[in-house]
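As a plain string of letters, each chain reads:
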Amino acid sequence: MSQFRERFSRFMIGRYGADKLSRFLIGFTFALIVAGIFIRSYWVDIAALFLMVLSYFRMFSRNIGKRFEENQKFERISFRVTEFFKKWRFKFQQMRQYHIYKCPSCGQKIRIPRGKGKVSVHCPKCSTDFIKKS
Ligand SMILES: [Zn+2]
């Protein structure tokens with residue numbers, strides 16, 4: 001077993017190895033394999049096989065600069081995607097915790113916490129007071 005490990009580490013010398021993108025690809029491959037159990041389409045299997053081959057190709061690749069660049073690109077995209085979902089989650093939480101009311105006289109949007117019964121809202125822009133149910 002240790003001999004195999006030694007041989008493998010010698011094999012990996014000068015090769016790119018695993019990175020965030022390859023971990024994502026392997027995760028996606030397993031997701032497709034699981035999906036393939038439920039969706040009986042051989043396109044799912046082909047896609048899983050393709051992704052598996054692709055992730056191994058990247059790990060054993062000797063073109064380290066190119067693979068590094070791909071990973072950088074992937075990290076930029078995944079950052080943007082997670083930021084997008086964070087923004088939506090924040091908006092959703094705000095919607096659950098607050099009511100957004102418009103001031104009847106100037107149209108200014110005012111955020112009122114929910115569940116406080118009838119409240120008097122004071123508009124910070126035009127100083128109008130109005131009663132709203134929160
Ligand atoms: Zn106002």
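Residues numbered from 1 in each chain as written. Predicted model: local features only at pLDDT ≥ 70, side-chain atom pairs only at ≥ 80, totals over all residues. Heavy atoms only, no water.

**So, the overall build of the protein**
Heads up, the condition is: To qualify as a helix, a DSSP run of H or I must reach at least 4 residues; to qualify as a strand, a run of E must reach at least 2; elements of each kind are numbered from the N terminus. Radius of gyration here is computed from C-alpha atoms only, and the compact-globule reference equals 2.2 Å multiplied by the residue count raised to the power 0.38. Exposure categories follow from relative accessible area, calculated using a 1.4 Å probe and restricted to protein chains: below 20% of the type maximum is buried, above 50% is exposed, and the middle band is partly exposed. Throughout, a residue-residue contact means that at least one pair of heavy atoms, one from each residue, lies within 4.5 Å. Note on areas: Shrake-Rupley, 1.4 Å probe, and residue coverage restricted to the protein chains presented here. Neither His nor the chain ends is counted toward charge; the positive residues are Lys and Arg and the negative residues Asp and Glu. To locate a charge, the coordinates of NZ of Lys, CZ of Arg, CG of Asp or CD of Glu are taken.
In terms of helices and strands, the protein carries four helices and four strands. Helices and strands in the protein line up, N terminus first, as α-α-α-α-β-β-β-β. Its C-alpha radius of gyration of 27 Å places the protein more than 25% over the 14 Å reference for a compact globule of 134 residues. Judged by the C-alpha coordinates and their principal axes, the protein covers about 80 × 40 × 30 Å. Scored against the burial criterion, the 134 residues of the protein give a buried share of 23%. Partitioning the intrachain contacts of the protein with sequence separation of at least 6 by distance along the chain shows that 40% fall at a separation of at least 24. Accessible surface, the protein as shown: approximately 10800 Å² in total, 63% of it carbon and sulfur. Positive and negative charge centroids in the protein, built from 28 and 8 side chains respectively, lie 10 Å apart.

Nothing here speaks to function; it is geometry throughout.
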